[in-house]
Amino acid sequence: MKHLTPEDLGTLAQRLDSMKQAALRDLQETEASAGTDVPAAGHEVHSNADDAEVERIDETREAEIEVDAVRLHDITLAQQRMADGSYGSCIDCGEDIPLARLTAQPIAIRCAGCQTEAERLQHR
Ligand SMILES: [Zn+2]
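No experiment lies behind these values; they were computed from the predicted model shown.

1. Topic: the packing of helix 1 (residues 6-32) against helix 2 (residues 48-84)
Here helix 1 crosses helix 2 at 155°, and the two axes come no closer than 9 Å. Between helix 1 and helix 2, the angle is such that the two are roughly antiparallel. Here the hand of the crossing between helix 1 and helix 2 comes out left-handed. Taken together, the residues of the contact of helix 1 with helix 2 break down into 14 nonpolar, three polar and eight charged.

2. A word on the coordination of the zinc ion
Distances from the zinc ion to its protein donors, Cys 90 (SG), Cys 93 (SG), Cys 111 (SG) and Cys 114 (SG), fall within 2.3 Å. Viewed at the metal, the four donor atoms of the zinc ion are separated by angles of 103 to 117°, and the geometry they form is tetrahedral. Sequence positions of the residues that donate to the zinc ion give the spacing C-x2-C-x17-C-x2-C. Taken together, the residues Cys 93 in the loop between helix 2 and helix 3 (99-104) and Cys 111 in the loop between helix 3 and helix 4 (112-122) connect sequence positions 18 residues apart.

3. Examining the pattern of salt bridges
Enumeration over the complete set of coordinates arrives at six salt bridges. Across the salt bridge formed by Arg 71 and Asp 26, the nearest N and O atoms sit 2.7 Å from each other. In this pair, Arg 71 is assigned in helix 2 and Asp 26 in helix 1, connecting sequence segments 45 residues apart. Relative accessible area serves as the criterion here: at 29%, Asp 26 is assigned to the partly exposed category. Arg 56 is the partner of Glu 53 in a salt bridge, and the nearest nitrogen-oxygen pair spans 3.2 Å. Of this pair, Glu 53 and Arg 56 both sit in helix 2, three residues apart, which is roughly one turn of the helix. Owing to a relative accessible area of 45%, Arg 56 belongs among the partly exposed residues under this scheme. By sharing partners, the salt bridges in this structure join Asp 26, Asp 68 and Arg 71 into a single network.

4. Comments concerning the environment of Ile 57
Topologically, Ile 57 is positioned in helix 2. Placed 23 residues apart in sequence, Ile 57 and Ala 34 show a C-alpha to C-alpha distance of 9.2 Å.

5. With respect to the confidence of the model for the protein chain
When pLDDT is averaged along the protein chain, the result is 88; 89% of the residues meet or exceed 70. Element-level pLDDT for the protein chain is lowest in helix 2, with a mean of 90, against a maximum mean of 96 in helix 3.

About the thresholds
Along each chain, residues carry numbers from 1 onward, in the same order as the chain's sequence is written. Where local features are concerned, this predicted model is filtered to residues with pLDDT of at least 70; where side-chain atom pairs are given and counted, the filter is 80 or more; whole-chain, interface and lining totals use all residues. Only heavy atoms go into the side-chain values, all of them from the structure, while hydrogens and water stay out. Interaxial angle, 0 to 180 degrees, is taken between N-to-C directions of lines fitted to C-alpha atoms, where a helix line uses only the stretch in contact. Each helix corresponds to a stretch of at least 4 residues labelled H or I by DSSP, and each strand to a stretch of at least 2 residues labelled E; elements are numbered beginning at the N terminus. By definition in this entry, angles of less than 35 degrees are roughly parallel, angles greater than 145 are roughly antiparallel, angles of 65 to 115 are roughly perpendicular, and the rest are oblique. The sense of a crossing depends on the near helix, which, turned anticlockwise from the far helix by less than a right angle, makes the crossing left-handed and, turned clockwise, makes it right-handed. Each residue is assigned to one class: nonpolar for Ala, Val, Leu, Ile, Met, Phe, Trp, Tyr, Cys and Pro, charged for Asp, Glu, Lys and Arg, and polar for all the others, Gly among them. Donors, by definition, are the N, O and S atoms found within 2.8 Å of a metal, the threshold being 3.2 Å for Na, K and Ca, and water is not counted, so a site can look incomplete. Irregular is the label for any site that misses the other tests, which are tetrahedral for four donors with all angles between 85 and 135 degrees, and square planar for four donors or octahedral for six when opposite donors exceed 155 degrees and the remaining angles lie between 65 and 115. Counted as salt bridges are all cases of a side-chain nitrogen of Lys or Arg within 4 Å of a carboxyl oxygen of Asp or Glu. Buried residues are those whose accessible area, probed at 1.4 Å on protein chains only, stays under 20% of the maximum for their type, while exposed residues exceed 50% and partly exposed ones sit between those limits. A residue's pLDDT is the confidence the predictor assigns to it, expressed on a 0 to 100 scale.

Put into structure tokens, the structure is as follows:
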């Protein structure tokens, strides 16, 4: 990451940190909301339709938790790479990831070319 100055890294580290706080907060909020939209008093007799609805909400929440968890994982990965000095290099070709790209997306682990290629392979 020779192309990144300590100032650049400091700024990116701060952005990663606030992204992590936001992701953690989202995750906690999603988890904390568990049960709040389940019909409570006056709804003692559950019909099958109610159960299906509750299940659907649970699935949505699980998907949200999953998205948050993946985001958190990417942020943590970027922070680890920053700590071991590999941050800012493409994990596929080893080229420097331009600062502009890192600024736009601090969790980027690939250069634009390799990212496009990786997504193309994923969606096949
Ligand atoms: Zn690359």
